[in-house]
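Structural overview
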Amino acid sequence: MNLYNLIIQDKEKVTLNDVFLDETNKKQFVQLIKEHTYLKELQEYGLPVNNKILLQGSSGCGKTMTAKAIANTLGKNIIILNLSNIVSSRIGETSQNIKMIFDKASRERSVLFLDELDQIGKARGSDDKDVGEMRRLVNTLIQLIDYYPENALLLCATNHPEIIDAALIRRFQLKINYEMPSKKFLDSFYDNLLFKFPEDLRQIERKYDISFAEAKDYAFTAVKGTLISKLEGKHQNQI
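Each chain carries its own residue numbering, running from 1 in the direction its sequence is written. Under the rules for a predicted model, residues below a pLDDT of 70 receive no local features and side-chain atom pairs below 80 are neither given nor counted, while totals for whole chains, interfaces and linings still include all residues. For side-chain calculations, the full set of non-hydrogen atoms in the structure is used, while hydrogens and water are omitted.

Side note on the pairing of strand E3 (residues 78-82)
- Note on exposure labels: buried denotes an accessible area under 20% of the residue type's maximum, exposed denotes more than 50%, and partly exposed covers the range between, all computed with a 1.4 Å probe on protein chains only. Only runs of H or I of at least four residues qualify as helices and only runs of E of at least two qualify as strands under DSSP, and these elements are numbered from the N terminus. Of all five residues in E3, five are buried, a share of seventy percent or more.
- Both faces of E3 are covered, namely the face carrying Ile78, Ile80 and Asn82 and the face carrying Ile79 and Leu81.

Overview of the packing of aromatic side chains
- Centres within 6.5 Å are what make two rings of Phe, Tyr or Trp a pair, Trp counting through its six-membered ring; a difference in plane orientation under 30 degrees is then read as stacked, over 60 as edge-to-face, and the rest as tilted. With the rule as written, the count across this model stands at eight aromatic pairs.
- Ring plane angle 55 degrees and centroid distance 5.8 Å describe the contact between Phe20 and Phe185, whose orientation is recorded as tilted. Placement of the pair is Phe20 in the loop between strand E1 (7-8) and helix H1 (23-37) and Phe185 in helix H8 (residues 183-194), with a sequence separation of 165 residues.
- Note on Phe20: relative accessible area 18%, which makes it buried.
- The class of Phe185 is partly exposed, set by a relative accessible area of 24%.
- With a centroid separation of 5.1 Å and 90 degrees between ring planes, the pair formed by Phe20 and Phe189 is classed as edge-to-face. Separated by 169 residues along the polypeptide, Phe20 in the loop between E1 and H1 and Phe189 in helix H8 bring together distant segments of the chain.
- Chaining the aromatic ring pairs together yields one cluster made of Phe20, Phe185, Phe189 and Phe212.
- By definition here, charges over rings are those cases where NZ of Lys or CZ of Arg is within 6 Å of the ring centre and within 35 degrees of the ring normal. In this arrangement the basic side chain of Lys63 is found over the ring face of Tyr178, its NZ or CZ atom lying 5.9 Å from the centre.

A short note on the environment of Phe189
- The class for Phe189 is buried, based on a relative accessible area of 10%.
- Between the alpha carbons of Phe189 and Lys216 there is a distance of 8.5 Å; along the sequence they are 27 residues apart.
- Here, residues are in contact when the closest pair of their heavy atoms is within 4.5 Å. Beyond its immediate chain neighbours, meaning those up to four positions away, Phe189 contacts Phe20, Phe212, Ala215 and Lys216.

A short note on the pattern of salt bridges
- When a carboxyl oxygen of Asp or Glu is within 4 Å of a side-chain nitrogen of Lys or Arg, the pair counts as a salt bridge. Scanning all chains against the criterion turns up eight salt bridges.
- The partner of Asp187 in a salt bridge is Lys183, with the nearest N and O atoms 3.5 Å apart. Of the two residues, Asp187 and Lys183 are both situated in helix H8; the distance of four residues between them amounts to about one turn of the helix.
- Using a relative accessible area of 19% as the deciding quantity, one classes Asp187 as buried.
- Between Asp187 and Arg206 there is a salt bridge, and its shortest N-O distance comes to 3.0 Å. Of this pair, Asp187 sits in helix H8 while Arg206 sits in the loop between helix H9 (199-202) and helix H10 (212-238), and the two are 19 residues apart along the sequence.
- In this structure Arg206 comes out as partly exposed when scored by relative accessible area, which is 24%.
- What emerges from the salt-bridge pattern is a single network uniting Lys183, Asp187, Asp191 and Arg206.

Right, here's the structure in full:
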């Protein structure tokens, strides 16, 4: 399997303002962006620049969108790789291909986004005969993270940080938590989604205790249902 074929192509342009983040997380990302904006100046003072970030927590709460927003703000290309797609391939080949992706990101000073990092942790214990090979894969990943250059940015995401190897976790300078949004936060999100529609299409029954991604899908489905009903009614009146 050629890992280049597993790179997710995503041209969506988003900013941090498009991502619903709590104030604590937003401040951390704003500083991260500024650190990379003034990277040379910070290095002149011997100050390390954070470039290995773990985004952890609930699914559908903005981890991938955050990575794209950071890359866009910094004017960098983003390389998105979902690790869940590669755990079934030959381990030795996977290690080599992951190294190729890291090398590509390093050369291009890209933002490298590894999604579902926990898949490697899960795979290590899933089959006894693969434990040794998977351990070597994790060791390769640790070495690649250790030598990843400061002028490139590595973002990793997981919904299950508790099952990731402790040695991997220690490599990240920042660990940023994503939690399910509160009712108030979701109301702000719904307001933002719906404001572009006419008033009669905005009146949907809102669902709570769900992620932003689920809320978006639900809201747009509800709006489409209302709009289709209106169009069908208009069509019937014309007959």
